[in-house]
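# Coordinate inspection notes
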Amino acid sequence: MILSIHRIISILVFFLLFQIIGYSQVQIKPIQWDLNATCNRQLSQSNQVYHSISKAFIGSQFDSLTLDSNRWERKKHKGLIMRKVRNENLLVVDTHDFYLTIDPIFNFQIGRDTEDSTNRNLSNNTRGILVQGAVGQKLAFYASFYENQSFFPTYLSDHIKETGVIPGQGRYKGFKIDGFDYAMASGALSYTPFKNVNVQFGHGKNFIGDGYRSLLLSDNTFNYPYLKGTFGFFKNKLQYQVLYASLINLNRIPATTSTEAQFIRQAGTFHNLSFSPNNKFEISLFEGVVYQNWDSTGTQSLPWNFYVPVIYLNTAVEGMSNANSKPVLGLNLRVNPFKGYMIYGQVAIDNYNVSNTGFQFGVAAYDAMSIKDLTLQAEWNNVSKGMYQHSNPQNDYKHYGGYLAHPTGNDLNELIGIVHYSFHDFFVSAKWVYSDRTSPVDVDLGNGSVLSYRESQQVTYQDYSIGYLLNPKTNMKIKLGYSSRKLNRLSSSENTSWFYFSFITDLQNVYYDF
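Residues numbered from 1 in each chain as written. Predicted model: local features only at pLDDT ≥ 70, side-chain atom pairs only at ≥ 80, totals over all residues. Heavy atoms only, no water.

### Some details on a nonpolar patch on the surface
Quick reminder of the rule: What makes a patch is a set of residues exposed beyond 30% relative accessible area and free of salt bridges, joined within 9 Å when like-charged and within 5 Å when nonpolar (Val, Leu, Ile, Met, Phe, Trp, Tyr). To measure how exposed things are, a 1.4 Å probe is used in the Shrake-Rupley method; for residues, cover is taken only from the protein chains shown. Whenever Lys or Arg places a side-chain nitrogen within 4 Å of a carboxyl oxygen from Asp or Glu, that contact is recorded as a salt bridge. Helix and strand definitions here come from DSSP, where helices need a minimum of 4 consecutive H or I residues and strands a minimum of 2 consecutive E residues; each element is numbered from the N-terminal end. The buried label goes to any residue with under 20% of its type's maximum accessible area, the exposed label to any with over 50%, and the partly exposed label to all in between, with areas taken from a 1.4 Å probe on protein chains only.
Side chains of I343, F359, F361, V363, W380, L415 and Y434 sit close together on the surface and give an oily, nonpolar patch of about 590 Å² of accessible area. Sorting elements by how many residues they give to the nonpolar patch places strand β18 (residues 353–366) first, with three residues. Tracing the backbone through its elements, the reader meets V363 in strand β18. A relative accessible area of 36% means that V363 is categorised as partly exposed.

### Description of the environment of L227
Among the structural elements, L227 can be located in strand β10 (residues 224–233). On a C-alpha basis, the gap between L227 and L189 in space is 9.8 Å, while along the polypeptide they are 38 residues apart.

### Quick word on the side chain of N509
Short version of the rule: In the analysis that follows, any N or O atom pair within 3.5 Å is treated as a polar contact, provided that within protein one partner can donate a hydrogen and the other can accept it, and provided that, for residues neighboring in sequence, both atoms belong to side chains. Pairs of residues are marked as contacts when any of their non-hydrogen atoms sit within 4.5 Å.
Mapped onto the secondary structure, N509 falls in the segment after β26 (493–505). Within the structure, N509 has its side chain in polar contact with the side chain of D219 (distance 3.0 Å). Once residues lying within four places of it in the same chain are set aside, the contact partners of N509 are I31, Q32, W33 and D219.

### Points about the nonpolar core
Under the convention used in this document: Nine residue types can take part in a nonpolar core, namely buried Ala, Val, Leu, Ile, Met, Phe, Trp, Tyr and Cys, and a core is a set of them joined through side-chain atoms within 4.5 Å.
Membership of the largest hydrophobic core comes to 61 residues, with the highest contact counts inside it found for F152, L217, F270, Y388 and Y397. Beyond its immediate chain neighbours, meaning those up to four positions away, Y388 contacts L215, K326, V328, V383, D396, Y397, Y403, A405, H406, G409 and N410.

### Points about the pairing of strand β7 (residues 179–194)
The condition that has to hold: Between any two strands, at least two bridges found by DSSP are needed for them to pair.
Most of β7 is tucked away: 12 of the 16 residues are buried. Pairing of strand β5 (residues 139–151) with β7, which is carried by 12 bridges, proceeds in the antiparallel orientation. Bridging across to β7, Y146 finds its partner in M184. In this sheet, β7 lies alongside strand β6 (residues 173–175) in antiparallel orientation, the contact comprising three bridges. Each bridged residue has a counterpart across the sheet, and for F175 the counterpart in β7 is G179. Between the antiparallel neighbours β6 and β7 lie three residues, among them K176 with a positive phi of about 55°. For β7 and strand β8 (residues 197–204), the ladder comprises six bridges, and the chain directions are antiparallel.

The values reported here are purely geometric and, on their own, carry no functional implication.
Have a look at this one:
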């Protein structure tokens, strides 16, 4: 009997957690925009061959870099309290063969939507812990846990109540009158037995692409168990990555003996073959397939080809039509015409209907116009109507109620602009998003009849912030900001003007800009 992908991942994670010993410079870096921008700047200004399309980054990608010695260095404090606040992790254990850090993680935010006539306060109260470490020369690990209580603007609260999920952060319980209580745990082991070979077992997120969005696999959804292997060949100019994931469809299994019906399980397999002959160019081929793992007769065994780590094998075996899987094929491209400048793009295709496509084109500049720590990014995304949908909604390219690629999903045309500038520890940031899209609408006509159609919508989202970086170890910062969202549709419009102040360890992306 073939073991399910969920059991395989669980067994391997358990075994490695308690059996493997080894250190690493391969700590898994957080998937977070300004941290990724720093990594991209360092890589794009280097002379080494590198692969940036797959994230999270790992520390060994930066081991051989020669960093700019002319950059500003923050003051190293001598007093214990100031060292911990400004320079160091809260708790550090460092012997020759064992390294461990423990830090609090949090997001304390207060704000107000001036367009909301109820004048209610908007707030976020996140507390958690982050543990990171390494043993020996081959193994690194991290674990984190967040507990949250939040009061969101109306548009976000409505979206959460409709989907049953906080975007990218899981299901919730009601909190007080109109708040949300939710939690999220993450963790991973990163094992590097040989140079250019890395294996990860974890519960978290992954990202394919160089853009702000990904049309292939993004960190938009909730965490999932995964097993990932990355293998470099020919001095790492050719890199192959295979990822197996245990996914969840938020539809309940109708028959169960448990007190609460379980959710339907799905399984995902994702392959990426990347070629980077020099530091100026990278191209990769992508295949992602989500398989149904349950039907009305019970749990389904996954096909043999699911377990074979060969790109496009699933597509070849399943053919152009399959009732139990949803494939997305893709192409990634990165070109660095000059040091610090990057042109990137993606093409996504639905294997079952090649008229369903997604296109991305973007430009990013690091130390733009020779101004240190000025980052500029512009991006265009276009996704056709049925790109991530299946004829059976249970087989959509989704996990935990969210699309595995673009957060809005299907049928959209989007423009994004980002400006971020840092001077020493001070920073200012601006982001603009314009989206022209359609959204499904169901109207109950009575007598069991429902009228379904797609409604045209135009969304303009802006966010401006100014802040101060307190400690780069956990990206701890204080920030004052303003977010504006305007939704126009044929029948009505919605406006949000959200002023906020936050004290945050900024280690993950959250996408409220839809």
